[in-house]
Amino acid sequence: MTIQQECLGCIAAQSRRVCEAIHADDILSKQIIEYVETALQNADFTLSPPVIANVIDLAAEVSFDLHEAITSVFQLPFHHDDTEKLRVQFSHAKSVLYIGDNTGEHIFDALAIESLQTLYPQLSVTYMVRGNPIINDVTMDEALEANIDKICSVVNSGVPTPGFVYEFASAEAKKLFDTADLIIAKGMGNYECMTPQRRENICFLLKVKCSVVAASLGHEIGNIICKLD
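The text that follows walks through the structure, step by step, so that each part is easy to find. No experiment lies behind these values; they were computed from the predicted model shown.

## What about the packing of aromatic side chains?
By the definition in use, this model includes five aromatic pairs. Here the aromatic rings of Y191 and F204 are separated by 5.2 Å at their centres, their planes lie at 85 degrees, and the arrangement is edge-to-face. With Y191 in helix α9 (residues 188-193) and F204 in strand β6 (residues 202-207), the pair connects residues that are 13 residues apart, well separated along the chain. No difference in accessibility class separates Y191 from F204, as the two residues are buried. What links up through ring pairs into an aromatic cluster is the set F164, Y166 and F177. In this arrangement the basic side chain of R198 is found over the ring face of Y166, its NZ or CZ atom lying 3.8 Å from the centre.

See the structure below:
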C-alpha cells in the first residue's frame, strides 16, 4: 500500500519519540526533527510507508504496554479470521515461507514453526529475517541466537526496510517468495509493503496499529488480523 497524507504526521511524531527514547539533547533533537520534516516535504507517494520511514511500534497510534499485550493477546479473537482457510492450505502445502517481524516475537515464531512441523510433517519451512535491524526487526543474529536454524532453514532477505519489499530482496529471497506454496507474513510492516500482492497464498498476521492500515483492511485500530489471500 502507498503512503497516505496521515502517514506523514505519524513519521514526524516518530522522530520526536526517537529523540526522547535516546535522550537526545536539544541540538541533536532539532537536527533530527528538521531532517525528517524536510525529507517528508519531498515524500514519494508511490512508495509504501515503511520504505519512507519505519511506521511500526514507536510510530503506532496506540500506546503500548508489554505486560498487558502478552497477557491479553491469548484472549483476543481474530477480527478477520481466515484460520480455517489457513489450515486447509497447510494440509496441502509442501513449502512455507515464514517472514518474521520483530525481535522478541521470533521466540514465538520458533514455537509456531515447531508446532506446524508437528501438525504437518510434510512441510518444509523457511524462516526469513530482515537484512538490517532498523529499530527492532529480527535479523540473522537473533535467529541464530534462538537456534531457529536448528529447526528450519533461515534466510536473510537482504531487505533494509521494516517490511518485505520484493524489489530490495536478494535473488535467493525473491526465488523463495515466488516459489513457496504458502507465505506467512508477520506484522503490519509486511502488510504495508506487500499490498497490493504480487502473488496468491499469502497469509497476513498482524495487529492494526494505525488508521491508514485500519481503513485498508476495513477494521479498527487494535484489531487482530489473520487474512489469507
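## What to know about empty space enclosed by the protein
Per the counting criterion, the structure on display carries one cavity of 30 Å³ or more. By volume, the largest cavity amounts to about 30 Å³. Forming the walls of the largest cavity are I99, M128, V129, R130, S157, V159, G163 and F164.

## Some points on helix α2 (residues 26-41)
Along an α-helix, a turn takes 3.6 residues, which lines up residues three or four apart on a common side. In a regular helix each residue adds 1.5 Å, so 16 residues correspond to 22 Å; α2 covers 23 Å between its end C-alpha atoms and thus fits that length. If you check the start of α2, you find a side-chain oxygen 3.2 Å away from the backbone N of I27, and it comes from D25.

## Here's the deal with the pairing of strand β3 (residues 124-129)
The element β3 is largely enclosed, with a buried count of five among its six residues. Summarising the sheet, β3 and strand β4 (residues 153-156) pair through four bridges and their orientation is parallel. Across the sheet, residue V129 finds its bridge partner in β4, namely N156. Handedness of the crossover joining β3 and β4 through helix α7 (residues 140-145) is recorded here as right-handed.

## Some remarks on the nonpolar core
Counting 35 residues, the largest nonpolar core has I99, F164, F177, I183, M194, L206 and V213 as the members making the most contacts within it. Residues L86, A110, I113 and L123 belong to the second largest nonpolar core, which totals 23 residues.

## What about the packing of helix α1 (residues 5-21) against α2?
Contact pair α1 / α2: the axes reach a minimum separation of 9 Å and the direction vectors enclose 165 degrees. Judged by the angle between their axes, α1 and α2 are roughly antiparallel. The crossing of α1 and α2 is right-handed. Contact with α1, carried on its side by L8, I11, A12, S15, R16 and C19, involves S29, I32, I33, V36, E37 and L40 of α2 and no other residues of that element. Residue composition of the contact of α1 with α2, by class: eight nonpolar, two polar and two charged.

## Focus on unusual backbone geometry
Excluding glycine, most residues fall at negative phi; most peptide bonds, likewise, are trans. For the peptide bond that leads from T195 to P196, omega is 0 degrees, which places it in the cis range. Here P196 is to be found in the loop between α9 and β6. The phi angle at N147 is positive, at roughly 60 degrees, despite the residue not being glycine. Here N147 is to be found in the loop between α7 and β4. Even without being a glycine, N201 presents a positive backbone phi close to 60 degrees. Structurally, N201 is set in the loop between α9 and β6.

## Concerning the sheet that holds β6
Sheet architecture is open: seven strands sit in the order β1-β7-β6-β5-β2-β3-β4, paired in mixed fashion. Edge positions in the sheet fall to β1 (78-81) and β4, since each has one partner strand and no second. Adjacent strand axes in the sheet meet at a mean angle of 15 degrees when their direction is disregarded. Both strand β2 (residues 95-99) and strand β5 (residues 182-186) contribute to a ladder of four bridges, which runs parallel. For Y98, the partnering residue across the bridge sits in β5 and is I184.

Reading the values: rules and limits
Residues numbered from 1 in each chain as written. Predicted model: local features only at pLDDT ≥ 70, side-chain atom pairs only at ≥ 80, totals over all residues. Heavy atoms only, no water. Phe/Tyr/Trp six-rings, centres within 6.5 Å; stacked < 30°, edge-to-face > 60°. Helix = DSSP H or I, 4+ residues; strand = E, 2+ residues; numbered from the N terminus. Buried < 20%, exposed > 50% of the residue type's maximum accessible area, 1.4 Å probe, protein only. Lys NZ or Arg CZ within 6 Å of the ring centre and 35° of its normal. 1 Å grid on protein atoms, 1.4 Å probe; cavity = no way out; pocket = protein on both sides within 12 Å on 5 of 7 lines; lining within 4 Å. Points joined across faces, edges and corners; volume = space filled by probe spheres on them. Expected span 1.5 Å × (residues − 1). Polar contact = N/O pair within 3.5 Å; in protein donor to acceptor, adjacent residues only side chain to side chain. Pairing = 2+ DSSP bridges. Right-handed = clockwise from strand over helix to strand, strands pointing away. Core = buried A, V, L, I, M, F, W, Y, C linked by side-chain atoms within 4.5 Å. Axes fitted to C-alpha atoms, helices over the stretch in contact; angles between N-to-C directions. Parallel < 35°, antiparallel > 145°, perpendicular 65-115°, else oblique. Left-handed = near helix turned anticlockwise from the far one by under 90°. Contact = heavy atoms within 4.5 Å. Nonpolar A, V, L, I, M, F, W, Y, C, P; charged D, E, K, R; others polar.

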